[in-house]
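# Overview (structure and organization)
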Amino acid sequence: MFLKALRLYNFKNYREVDFIPDPKLNCFLGKNGSGKTNLLDAIHYLAFTKSAINPADAQNIRSGEMQFMIKGFFSVAGKEKEVMCSFQSGLKKVVKEDNQDYVKFSNHVGKYPVVLITPQDIELIWGGGELRRKFFDTLLSQIDAHYLENLISYNHHLKQRNSALRRFAETGSTDYQLLESYDVILAKTGTYIHSRRTELMKEFIPLFKLHYRLIAPESAESVDIQYRSELDRQPLLNLLKNSIHRDILLQRTSVGVHRDEFSFVMDGNELNKVGSQGQQKSFLISLKLCEFEVIAKEKAIKPILLLDDIFDKLDDIRIGHLMKLVAEGRFGQIFITDAREDRSMQILHESNLAAKVFFVENGNLKTNGENSGR
Ligand SMILES: Nc1ncnc2c1ncn2[C@@H]1O[C@H](COP(=O)(O)OP(=O)(O)OP(=O)(O)O)[C@@H](O)[C@H]1O
Ligand SMILES: [Mg+2]
């Protein structure tokens, strides 16, 4: 699967662009703020029906305009597929595949898988547990539409249950029947989420360790990911029943898969406490490449790889290892952004890689066609 053509209308800082990427390797080069990441974000929209950067669709409309549209033409097993995503202020977002509307966006996610590596990934290590859950949820959502449906339902009913708990505290009367009805749905969806997370980690952890060695072969440290859930000990329905009085007191749901923990571990300690900057970067790249590998295996489609400012964040050795993987043809289509034209050109040249290079300038794209690194 690869993106054959991309068209944008009034998306972020683009008025109208239309371009044809290379099926293999593409570079977006241009100054800071020129719109390189926005192009990756447009591709992310087509995959996930939402931005990776700004979840408020309205703010992704070009300033002063009323509507944005992103159109992607994909090649899937030799056939052309058209995906369109548009949003008009005040209206519902529309996503279409070959001119057919989706009733549920969750039916679309995963059809055109994408793995994004960005400087913000560092938050996975430093940020709260919800970001690590989101990482694994994003991965599972791309390989299992049923997972995404369960997750949407779980989050929806969790919100409802929490607002009911707050309402009960205000009014001083508790509707136990209503809570029980939420508990049944939360238990059903939460149990599925927990079982899929558990299954995934069995596959993911050994593969992750392997990738860490690929990216940092000279390293001596041991790495690990630990998954912990209250559901490991007891079924969720029991947990919810047992915590009902505490929940009423706290005015929120204190047990469930929204509290599951994924810990990143190095030499037996938390990664953010002991890992050097370089080790943390290797950890993140390994996570993402492992995500790529799992999706490629589960779906038999190589995801599109979006590498935002990757050269900025890696030292020469790690760039070398990564480019070696690229040159070996391990990936499918790749999009790389870089604000430093000379550096990217040099890396392509040194890795003996040919790429299509796009020069981005204030929402305009120019290409010099095929840039041969060879
Ligand atoms: N809704 C919008 N309307 C108009 N412009 C927007 C909108 N949203 C974002 N932008 C503009 O897009 C630009 C940022 O684009 P982007 O993040 O793609 O830059 P970049 O080339 O990746 O820069 P860097 O090298 O610093 O990462 C900013 O100038 C920002 O003002
Ligand atoms: Mg950027």
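Sequence order as written defines residue numbering, which begins from 1 separately in each chain. By the order in which they are written, chains take letters starting at A while ligands take numbers starting at 1. In keeping with the model being predicted, local features are shown solely for residues with a pLDDT of at least 70 and side-chain atom pairs are shown and tallied solely at 80 or more, while totals for entire chains, interfaces and linings include all residues.

### Side note on the overall build of the protein
- Starting at the N terminus, helices and strands are each numbered in turn, a helix being any DSSP run of H or I of at least four residues and a strand any DSSP run of E of at least two. Regarding its fold elements, the protein presents 12 helices and 15 strands.
- A globule of 374 residues ought to have a C-alpha radius of gyration of about 21 Å, and the protein, at 22 Å, matches this closely.
- Every C-beta atom is placed from the backbone, and the number of other C-beta atoms within 10 Å of a residue's own sets its class: buried at 20 or more, exposed at 12 or fewer, partly exposed in between. Expressed as a percentage of the 374 residues in the protein, the buried residues total 39%.
- Contacts in the protein between residues at least 24 apart in sequence constitute 72% of all its contacts with a sequence separation of at least 6. The atom set for the radius of gyration is the C-alpha atoms, and the globule formula is 2.2 Å times the number of residues raised to the power 0.38. By the criterion used throughout, residues are in contact when their C-beta atoms, derived from the backbone, lie within 7 Å.

### Overview of the nonpolar core
- By convention the nonpolar core is taken to be a set of buried residues drawn from Ala, Val, Leu, Ile, Met, Phe, Trp, Tyr and Cys and joined through C-beta atoms within 7 Å. The biggest cluster of nonpolar side chains holds 88 residues, and the ones touching the most others in it are Ile43 and Leu306.
- It is helix 9 (residues 277-299) that provides the largest number of residues to this core, a total of 9 residues.
- Once residues within four sequence positions are removed from consideration, isoleucine 43 is found in contact with Leu3, Leu6, Val114, Ile304, Leu306 and Phe335.

### Overview of unusual backbone geometry
- Phi at lysine 12 is positive, roughly 50 degrees, even though this residue is not glycine.
- Checked against the element boundaries, lysine 12 lands in the loop between strand 1 (2-11) and strand 2 (14-19).
- Note on lysine 12: 21 C-beta atoms within 10 Å, which makes it buried.
- Within the chain, alanine 300 stands out as a residue other than glycine whose phi angle is a positive 55 degrees.

### Quick notes on the packing of helix 3 (residues 129-143) against helix 9
- Lines fitted to C-alpha atoms define the axes, with helix axes restricted to the stretch in contact, and inter-axis angles between N-to-C directions lie between 0 and 180 degrees. At a closest axis distance of 9 Å, the pairing of helix 3 and helix 9 adopts a crossing angle of 20 degrees. Compared by their axis directions, helix 3 and helix 9 come out roughly parallel. When you trace helix 3 past helix 9, the crossing you get is right-handed. In contact with Leu139, Gln142 and Ile143 of helix 3, helix 9 contributes Glu291, Val294, Ile295, Glu298 and Lys299. Geometric relationships in this document are graded by angle, where less than 35 degrees denotes roughly parallel, more than 145 denotes roughly antiparallel, 65 to 115 denotes roughly perpendicular, and other angles denote oblique. Handedness of a helix crossing follows the sense of rotation of the near helix relative to the far helix, less than a right angle counterclockwise being left-handed and clockwise being right-handed.

### Let's talk about the sheet that holds strand 2
- By definition, two strands form a pair when at least two bridges between them are found by DSSP. Spatial strand order, 2-1-4-5-6-7: 6 strands in an open sheet with antiparallel pairing. Every other strand in the sheet has two partners, leaving strand 2 and strand 7 (100-101) as the edge strands with one partner each.
- In the sheet, strand 1 pairs with strand 2 via 5 bridges, with the strands oriented antiparallel. If you follow phenylalanine 11 over to strand 2, its bridge partner there is tyrosine 14.
- Where helix 1 (residues 36-48) meets the sheet, it contacts strand 1, strand 2, strand 4 (67-76) and strand 5 (79-88), and its direction lies at approximately 110 degrees from that of strand 1.

### Details of the site of ligand 1
- Residues are counted as near a molecule or strand when the C-beta atom, derived from backbone positions, lies within 6 Å of that molecule or strand. Around ligand 1 lies a shell of 18 residues, among which Asn13, Asn32, Lys36, Thr37 and Asn38 are the nearest.
- Each residue receives one of three labels: charged for Asp, Glu, Lys and Arg, nonpolar for Ala, Val, Leu, Ile, Met, Phe, Trp, Tyr, Cys and Pro, and polar for the others, Gly being one of them. Tallied by class, the residues present in the shell around ligand 1 amount to 2 nonpolar, 12 polar and 4 charged.

### Quick word on the sheet that holds strand 9 (residues 223-228)
- Spatially, 3 strands are ordered 9-10-11 in an open sheet, and the strand pairing comes out antiparallel. Two strands bound the open sheet, and with one partner strand each, they are strand 9 and strand 11 (269-270).
- Here 2 bridges tie strand 10 (residues 261-266) to strand 11, and the two strands are oriented antiparallel to one another. The partner of valine 265 across the bridge, within strand 11, is glutamate 270.

### Points about helix 1
- Each residue after the first adds 1.5 Å to the expected span of a helix. Its 13 residues give helix 1 an end-to-end C-alpha distance of 19 Å, which sits within 8% of 18 Å, the value for a rise of 1.5 Å per residue.
- Looking one or two residues past helix 1, threonine 49 carries a phi angle of roughly 60 degrees, positive in sign.

### Topic: the environment of threonine 191
- Mapped onto the secondary structure, threonine 191 falls in helix 5 (residues 176-215).
- Residue class for threonine 191 comes out partly exposed when judged on the 17 C-beta atoms lying within 10 Å of it.
- Counting along the chain gives 20 residues from threonine 191 to histidine 211, while the straight-line C-alpha distance between them is 30 Å.
- Every residue in contact with threonine 191, bar those within four places of it in the chain, is listed here: Leu231 and Leu236.

### Regarding the environment of leucine 322
- Mapped onto the fold, leucine 322 is located in helix 11 (residues 316-327).
- What makes leucine 322 buried here is the crowd of 22 C-beta atoms within 10 Å.
- Spatially, the C-alpha atoms of leucine 322 and leucine 200 are 24 Å apart, while their sequence positions differ by 122 residues.
- Setting aside residues up to four positions removed in sequence, leucine 322 forms contacts with Ile285 and Leu314.

### Here we look at helix 11
- The terminal C-alpha atoms of helix 11 lie 16 Å apart, and with 12 residues this matches the ideal 16 Å at 1.5 Å per residue to within 8%.
- At the C-terminal side of helix 11, glycine 329 shows a positive phi close to 80 degrees.

### Digging into the packing of helix 5 against helix 9
- Packing of helix 5 against helix 9 leaves a shortest axis separation of 8 Å and a crossing angle of 125 degrees. By the angle between their axes, helix 5 is oblique relative to helix 9. As helix 5 runs across helix 9, the sense of the crossing is right-handed. Where helix 5 abuts helix 9, its residues Glu203, Phe204, Leu207, Phe208, His211, Tyr212 and Ile215 lie against Ser282, Phe283, Ile285, Ser286, Leu287, Leu289, Cys290, Glu293 and Val294.
- Per-class residue counts for the contact of helix 5 with helix 9 are 11 nonpolar, 3 polar and 2 charged.

### Let's talk about the pairing of strand 13 (residues 334-338)
- Counting buried residues along strand 13, 5 of its 5 residues qualify, which places the element largely inside the surrounding structure.
- Burial along strand 13 is two-sided: the residues Ile334, Ile336 and Asp338 and Phe335 and Thr337 are all buried.
- As paired elements, strand 3 (residues 25-29) and strand 13 share 5 bridges and run parallel to each other. Bridge pairing links leucine 29 to aspartate 338 in strand 13.
- In the sheet, strand 12 (residues 304-307) pairs with strand 13 via 3 bridges, with the strands oriented parallel. Within strand 13, the residue paired with leucine 307 across the bridge is isoleucine 336.

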